[in-house]
Amino acid sequence: MKRFLLLLFLLTGWAVSAQENQNIEIQHVRYKCYPYLQHVTETSFTVIWTTNMDAVSWVEIAPDDGTHFYNEVRPKYYDLRGLGRRPIGRLHKVRVTGLEPGTTYRYRIMMQGVLNADNRKSIVYTEGYGMDILHHKPTKVTTLKKDYDHLKFAVVNDMHEHDSVLRADFKDARGKYDFVLFNGDMTSSIDKEEDVVTNYLSSAGELFAAETPLYIVRGNHEFRGNDALKWYDYMDNPGGKTFYTFKYGKFFFIVLDSGEDKPDSDIRNLGIMAVEPYVREEAEWLKEVVRSEDFLNAETRIVFSHIPPEPNGWHGNRMVSELFVPILNEAGIDLMLCAHIHKHRVDPIGTTDARFPVVCNRNQTLLECDLDAKRLKMDFYDENQKIWKALTYKVGSFK
Ligand SMILES: [Fe+2]
């Protein structure tokens, strides 16, 4: 009888233990949003990604010299948003600095999932994970050169959450462009911050942006939804605002934040907008930009603005006309590339208050730009990814 009771006790213990083991879910940290490049300069770049669970992260860098990635200990770069303490979270933003211009490097995003953080006592990690993002080998990034004779870049706008269309537009984009720019309204409303990941950023990272610099322009719809302000956490723009400049040698680009389309006081703005003071502050910044050495020394100057200027149009159009166009008219630019109206439109010089051409790209369709010292050639694609129109403008008049 005693032996029977002992056996029963052991069997019961084993069964309970097996049941407990079944209830322990083994967690692995993995990327959720593919990594994408932001703010690439001659000596630095930022890579941003998200994970499926809270994690601490870092990036490892190696030269593109044929050595195995594990040939030696590679330099590590950490997420410094924690001001010296490594952030535990799902959004990871690591800036890599101290690089050489015009040089290709390999990088790996590295992470450890955090199962439990008990204040000062302990942190329980998952196993570490280093990601070969593409092609089962470390991803490559090339810093900007000091000068360029030629640039090829692509623009889309007003995708309004059509991730599958974005994927079709960029299905062959890997390695094809010097940069890609999203010219606003990639979402219709940012109700949850994951929207920016699922609607376009993860596809961008998967298809091209892990290796190709991505610039993002704010559209009026990026002002909408409960998590609209979190949208900016997913960017790293030069200068740290939603309006900024960047340059590729003698080619200079200005990115404007053209605000909401209706007045701040409009009932549909829910009493939550302060766009007008913000774009007035932006106009003061623009006055400084056109006085900067980079602008004055540039041979080609192109401006991106989601909303096009129209003095008699909606409030947003009028604000662009009144606040930005006079500064740009005075300073001199080659061209403004816009979006927002969901159709192709060309406003030649003399047809609006702008003393430069304004070109609007259709919604959800690709615009490919081929730029050299003398001309900008634009190929406009249709919804079947076929070129339906080409335009060429003379540029370089500011030599
Ligand atoms: Fe828009």
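What counts, and where the lines are drawn
Residues numbered from 1 in each chain as written. Predicted model: local features only at pLDDT ≥ 70, side-chain atom pairs only at ≥ 80, totals over all residues. Heavy atoms only, no water. Helix = DSSP H or I, 4+ residues; strand = E, 2+ residues; numbered from the N terminus. Polar contact = N/O pair within 3.5 Å; in protein donor to acceptor, adjacent residues only side chain to side chain. Contact = heavy atoms within 4.5 Å. Salt bridge = Lys/Arg side-chain N within 4 Å of Asp/Glu carboxyl O. Buried < 20%, exposed > 50% of the residue type's maximum accessible area, 1.4 Å probe, protein only. Donors = N, O, S within 2.8 Å, 3.2 Å for Na, K, Ca; no water. Tetrahedral: all angles 85-135°; square planar, octahedral: opposite > 155°, others 65-115°.

Peer 1: Explain the side chain of Ser57 to me, and be specific about the residues and the numbers.
Peer 2: Position of Ser57 among the secondary structure elements: in strand S2 (residues 45-63). Here His92 takes part through its side chain, which lies 3.0 Å from a polar atom of the side chain of Ser57. When neighbours within four sequence positions are excluded, Ser57 is seen to be in contact with Trp49, Tyr78, Asp79, Arg86, His92, Val94, Met110 and Met111.

Peer 1: I'd like to hear about the pattern of salt bridges, residue by residue, with values.
Peer 2: Tallying each qualifying case throughout the model produces 31 salt bridges. Residue Asp147 pairs with Lys250 through a salt bridge whose shortest N-O separation is 3.6 Å. With a gap of 103 residues between them, Asp147 in the loop between strand S7 (139-142) and strand S8 (150-156) and Lys250 in the loop between strand S11 (244-248) and strand S12 (251-255) connect regions that are remote in the sequence. Among the salt bridges present, the one from Lys230 reaches Asp227, with a minimum N-O distance of 3.6 Å. Classification of Lys230 as partly exposed rests on a relative accessible area of 35%. Its relative accessible area of 14% is what places Asp227 among the buried residues. Several salt bridges converge on common partners, so that one network encompasses Arg224, Glu260, Asp261 and Lys262.

Peer 1: Just give me the short version of the coordination of the iron ion, but keep the residues and values in it.
Peer 2: Those donors, Asp185 (OD), Asn220 (OD1), His306 (NE2) and His340 (ND1), are the protein atoms that reach the iron ion, and they lie 2.0 to 2.2 Å from it. The site at the iron ion holds 4 donor atoms, and with the angles between them running 90 to 171°, its shape is irregular. Under the relative-accessibility criterion, Asp185 is labelled buried at 1%.

By themselves, these observations are geometric and do not establish any function.
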